[in-house]
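Chain by chain, the residues:
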Amino acid sequence: MNRSGTTGPRLVAIFLMGGALLNYPILSLFARPSEIAGLPLLYAYVFGVWSLVIGLMALVIERRRE
């Protein structure tokens, strides 16, 4: 399978992973009254997952052909 044939499925997999990480069962684990560096734990988790998804998508899109 060539590069363009693998990019789409990888982006879909990253999207599904992000959707799963930002939904009820996992998100409720971080809904606690604690803070990380002055930021509520839930907000830190959401922004961390969001940054991870954006970084992975950029990596998949911008990777060089080997």
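Anything mentioned here points back to the structure above.
Residues numbered from 1 in each chain as written. Predicted model: local features only at pLDDT ≥ 70, side-chain atom pairs only at ≥ 80, totals over all residues. Heavy atoms only, no water.

A.B. asks: When you look at the side chain of Thr7 in this model, what are you seeing that I'm missing?
C.D. replies: With respect to the helices, strands and loops of the structure, Thr7 is situated in helix H1 (residues 3–21). By relative accessible area, Thr7 is classed as buried at 16%. Once residues within four sequence positions are removed from consideration, Thr7 is found in contact with Val60 and Arg63. (Helix = DSSP H or I, 4+ residues; strand = E, 2+ residues; numbered from the N terminus. Buried < 20%, exposed > 50% of the residue type's maximum accessible area, 1.4 Å probe, protein only. Contact = heavy atoms within 4.5 Å.)

A.B. asks: Would you mind showing me how to read the packing of aromatic side chains here?
C.D. replies: Any two aromatic rings considered together are summarised by their centre-to-centre distance and by the angle between their planes. Evaluation of the coordinates by the stated rule reveals two aromatic pairs. An angle of 10° between the planes, with centres 3.9 Å apart, marks the rings of Phe30 and Tyr45 as stacked. Highlighted residues: Phe30 in the loop between helix H2 (24–27) and strand S1 (35–36) and Tyr45 in helix H3 (residues 41–62), separated in sequence by 15 residues. Look at Phe30 and you get partly exposed, because its relative accessible area is 24%. (Phe/Tyr/Trp six-rings, centres within 6.5 Å; stacked < 30°, edge-to-face > 60°.)

A.B. asks: It is not clear to me how unusual backbone geometry should be interpreted in this structure. Could you clarify?
C.D. replies: The phi torsion of most residues other than glycine is negative, and most of the peptide bonds are trans. One non-glycine residue, Ala37, adopts positive backbone phi at about 55°. Its location among the elements puts Ala37 in the loop between S1 and strand S2 (39–40). The exposure class of Ala37 is exposed, given its relative accessible area of 84%.

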